[in-house]
Amino acid sequence: MGQRYGRAMNLAYRDVRHNLFRFLLTCLGLSLLMAVVLSMIGIYNGLVVDALTIARAPVADLWVVESGTRGPFAEASAIPGDTREAIARLHGVTEAGSVTYQTVEGEFASRKLRLYVVGYEPGRPGAPADLVSGRPIARSHHEMIADTRTGLKLGDRITLGRDAFHVVGLVENHVNTGGDPSVYITLRDAQTLQFELAPPAQRVQLMRGTSAQSRDTVNAVIARVHANVNPDTVADTARRWKHLVAATQAEQELILTRSVVDRARRQIGLFMAILLTVSAVVIALIIYTMTMEKLKQIATLKLIGASDRTIIGLIVQQALALGGIGWAFGLAIVMTIKDYFPRRVVLDPENALVLGAIIFFVCIASSGLGVRAALKVDPATALGG
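What counts and how
Residues numbered from 1 in each chain as written. Predicted model: local features only at pLDDT ≥ 70, side-chain atom pairs only at ≥ 80, totals over all residues. Heavy atoms only, no water. Helix = DSSP H or I, 4+ residues; strand = E, 2+ residues; numbered from the N terminus. Buried < 20%, exposed > 50% of the residue type's maximum accessible area, 1.4 Å probe, protein only. Contact = heavy atoms within 4.5 Å. Core = buried A, V, L, I, M, F, W, Y, C linked by side-chain atoms within 4.5 Å. Polar contact = N/O pair within 3.5 Å; in protein donor to acceptor, adjacent residues only side chain to side chain. Patch = residues over 30% accessible without salt bridge, like charges linked within 9 Å, V, L, I, M, F, W, Y side chains within 5 Å. Areas by Shrake-Rupley, 256 points an atom, 1.4 Å probe, with all protein chains shown as cover. Salt bridge = Lys/Arg side-chain N within 4 Å of Asp/Glu carboxyl O. Pairing = 2+ DSSP bridges. Phe/Tyr/Trp six-rings, centres within 6.5 Å; stacked < 30°, edge-to-face > 60°. Axes fitted to C-alpha atoms, helices over the stretch in contact; angles between N-to-C directions. Parallel < 35°, antiparallel > 145°, perpendicular 65-115°, else oblique. Left-handed = near helix turned anticlockwise from the far one by under 90°. Nonpolar A, V, L, I, M, F, W, Y, C, P; charged D, E, K, R; others polar.

**Student:** Outline the environment of V37, listing residues and values.
**Tutor:** Relative to the helices and strands, V37 is located in helix α2 (residues 20–56). We classify V37 as buried; its relative accessible area is 0%. V37 sits 241 residues away from V278 along the chain, and the two C-alpha atoms are 10.0 Å apart. If we skip the residues at most four places from it in the chain, V37 touches L275, L276, S279 and L355.

Laid out in structure tokens, this is it:
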């Protein structure tokens, strides 16, 4: 049996070496197709991970928002800033903080940056806990923590609204569901950025006799709960106030994945399934075509006494080599260029292994078509013209 396997492997190797350029070109085309499939898997994962990063950054157990909304990520929410004190007094709550979220465009190095601005109270829940360099915000005004995708570095200054902010810390992979990189500033600075009118607009409002709008408005209050207290119990208590809605961290993440990014996630998932189907069909056609081109050589092998096992080994081994090389090269391509994608690409080892297993079974199934045609060939055709 070992001699037969070695003979089949030798035949497969000799056939590949005889048509090396065409084989490598076929592997290259297949690897590019595998790279597209792996990229779509990575983009699908990245979309979900990005949606959850901002929600997980403050390490909160409870989210309190405006009644009738599921904000602050799913829809607009505005509640008084002093709601934080009421939430902090609930049984089981260890600390609470107010946060705001808004999208703005800032100016840096003569170019515009679209940023997702998160306002929080230093010393309270809301600060990102995973700084990659620098320090947390220490001053009450005009300091910033920025995501590395903004292109900002420690010590840079960027203008938001009418104020310049100094970058003191950096985080990584903090983007909103639209892919805009995030920056963190103090709550007071965020409220000024959101509510303060330009001087001409302020003069118009004063001339009209319109009273100044209170800036003490936030999008949500987040809280951390004692380890021995169930967050659902605290959320139920907060829900008794008719003007507020409370959600646990798990419920907030469910809203993000099932509502905010659900349509985009399903669309990418459907496209990924189509790509996998196309890949399977392409692999089957390639292997079948390669087998049909060798029918005369296979007939010659039969004529000189080669067994069916040897012929089957020749076809199956070439199919597996084609799929294995295409998968490996495709994975190498994606891992090399994934950091250059405009959106985050998250490719777990399990994803690559699952795709490898799918390609393996597709190659085995596809080679069955070639094997069927090869076993039916008449040895006498080797003597034909």
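**Student:** I'd like a rundown of the nonpolar core, residues and numbers included.
**Tutor:** Core analysis: the largest hydrophobic core is formed by 29 residues, its most contacted members being I283 and L322. Non-local contacts of I283, meaning those with residues more than four positions away in its chain, are made with L30, I359, V362, C363 and S366. Counting residues in each nonpolar core, the second largest holds 22 residues, with A57, Y101, V168 and A220 among its members.

**Student:** Give me the lowdown on unusual backbone geometry, citing residues and values where you can.
**Tutor:** Of note, the phi angle at V59 is positive, near 55°, even though the residue is not glycine. For V59, the position within the fold is in the loop between α2 and β1 (62–66). According to the relative accessible area criterion, V59 is partly exposed, its value standing at 48%. Its identity as a non-glycine residue notwithstanding, H142 has a phi of 65°, on the positive side. For H142, the position within the fold is in the loop between β5 (133–134) and β6 (143–147).

**Student:** An account of the side chain of N176 is needed here, citing residue identities and associated values.
**Tutor:** Within the fold, N176 resides in the loop between β8 (163–171) and β9 (182–186). Within the structure, N176 has its side chain in polar contact with the backbone nitrogen of D180 (distance 2.7 Å). Each residue touching N176, except ones within four places of it in the same chain, is listed here: I54, T103, Y116, S182 and R343.

**Student:** Which residues make up a nonpolar patch on the surface, and what values do they have?
**Tutor:** Residues F21, L25, L28 and L32 make up a contiguous nonpolar surface patch of roughly 430 Å² in combined accessible area. Among the structural elements, F21 can be located in helix α2.

**Student:** I'd like a rundown of the pairing of β9, residues and numbers included.
**Tutor:** Taking burial as the measure, the five residues of β9 include five buried ones, the bulk of the element. The pairing of strand β4 (residues 111–120) with β9 spans five bridges and is parallel. Of the residues in β9, the one forming a bridge with Y120 is T186. With two bridges connecting them, β6 and β9 associate as antiparallel partners. Residue pairing in the sheet places I145 in a bridge with Y184 of β9.

**Student:** Got a sec to walk through the packing of aromatic side chains? Specific residues and values, please.
**Tutor:** For the structure on display, the rule yields five aromatic pairs. Aromatic pair Y101 and Y116: ring centres 5.9 Å apart, planes at 20°, arrangement stacked. With a gap of 15 residues between them, Y101 in strand β3 (residues 93–108) and Y116 in strand β4 connect regions that are remote in the sequence. Neither Y101 nor Y116 differs from the other in exposure class; each is buried. An angle of 75° between the planes, with centres 6.4 Å apart, marks the rings of Y120 and Y184 as edge-to-face. Taken together, the positions of Y120 in strand β4 and Y184 in strand β9 put the pair 64 residues apart, joining distant regions of the chain. Residues Y120 and Y184 agree in their burial class; the two are buried. Through pairs of rings, three or more aromatic residues link up here, namely W63, F73, Y101 and Y116.

**Student:** I'd like a description of the packing of helix α8 (residues 262–293) against helix α10 (residues 308–337), backed by residues and values.
**Tutor:** Two elements in contact, α8 and α10, have axes separated by 11 Å at closest approach and are oriented at 140°. In terms of orientation, α8 and α10 fall into the oblique class. Considering the relative orientation of α8 and α10, their crossing is right-handed. Each of I286, I287, M290 and T291 in α8 lies in contact with α10, whose residues at this interface are I315, Q318, A319 and L322. Of the residues contributing to the contact of α8 with α10, the split by class is six nonpolar, two polar and no charged.

**Student:** A description of the pattern of salt bridges should follow, citing residues and the corresponding values.
**Tutor:** By the definition in use, this model includes 12 salt bridges. Of the charged contacts in the structure, one is a salt bridge between D50 and R344, with a shortest N-O distance of 3.6 Å. Pair noted here: D50 is in helix α2 and R344 is in the loop between α10 and α11 (349–376), with a separation of 294 residues, a long-range link. E253 serves as the salt-bridge partner of R56, at 2.9 Å between the closest nitrogen and oxygen. With a gap of 197 residues between them, R56 in helix α2 and E253 in helix α7 (residues 249–260) connect regions that are remote in the sequence. A single network of salt bridges, built from pairs that share partners, joins D50, R343 and R344.

In short, shape yes, function no, at least from these values alone.
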